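Observations on the three-dimensional arrangement
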Amino acid sequence: MNFCSKCGSARIEKKIPEGDTLPRYICQDCGEIHYSNPNVVTGVLPINDANEILLCRRSIEPRSGFWTLPAGFLENGESIEQGALRETREEAKLEVNDVKLFTVISVPKINQVYSFFIGEIANTDFGPTPESSEVKLFHVDNIPWDELAFRTVKLTIEQYLKHGRNSFFNRVLDH
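Quick look at the structure, then. (Residues numbered from 1 in each chain as written. Predicted model: local features only at pLDDT ≥ 70, side-chain atom pairs only at ≥ 80, totals over all residues. Heavy atoms only, no water.)

1. A few points about the packing of aromatic side chains
- Under the criterion given, the structure shown has 3 aromatic pairs.
- A ring pair is formed by Trp67 and Phe138, whose centres lie 4.9 Å apart and whose planes are at 80°; its orientation type is edge-to-face. Residue Trp67 is found in strand β6 (residues 67-68), and its partner Phe138 is found in strand β10 (residues 132-139); the two are separated by 71 residues along the sequence.
- When the centroid spacing of 6.4 Å and the interplanar angle of 25° are considered together, the rings of Tyr114 and Phe116 count as stacked. (Phe/Tyr/Trp six-rings, centres within 6.5 Å; stacked < 30°, edge-to-face > 60°. Helix = DSSP H or I, 4+ residues; strand = E, 2+ residues; numbered from the N terminus.)

Here is the structure:
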């Protein structure tokens, strides 16, 4: 950090604030403490009555060309459920019903927390977007395991196949 985002000062020092336990960037002019917190990624595992899961082929980095669940970074002012539904619309033009929190996966090495909901596919006119070059339903017997973009996606799908839609899974990945 080179400048304070509150006052613009270049007098930034990294130290442990009084009453805290971790070093933080602190502006020496206005006293603002700048916290660096994990990013929250949220999405949906979309399913239908035909035992199919909807996946999106990424057209953006990282892992462009690989399959993923519709997901992305949570925005300020959103709940994780609102963010998951927004990302599902943005990446797949998909609406889902009856969403329930399904997995929470912490990945401390890359400072991210993933929350995936499970939901019933509500529309059949889903399709590609600028973020997804292809959107496709996969029967659970035909998941492209070797082409999945992220370990968090693989764990979420495995949890669904192992325990069904009513389970809840919480894990920390060493990545």
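That covers the picture; the talk isn't over yet.
2. What about the side chain of Arg165?
- As for its placement among the helices and strands, Arg165 is situated in the loop between α2 (151-163) and β11 (169-172).
- Polar contacts involving the side chain of Arg165 include one to the main-chain carbonyl oxygen of Asp98, which spans 3.3 Å.
- In this structure the side chain of Arg165 is engaged in a polar contact, spanning 2.6 Å, whose partner is the side chain of Glu120. (Polar contact = N/O pair within 3.5 Å; in protein donor to acceptor, adjacent residues only side chain to side chain.)

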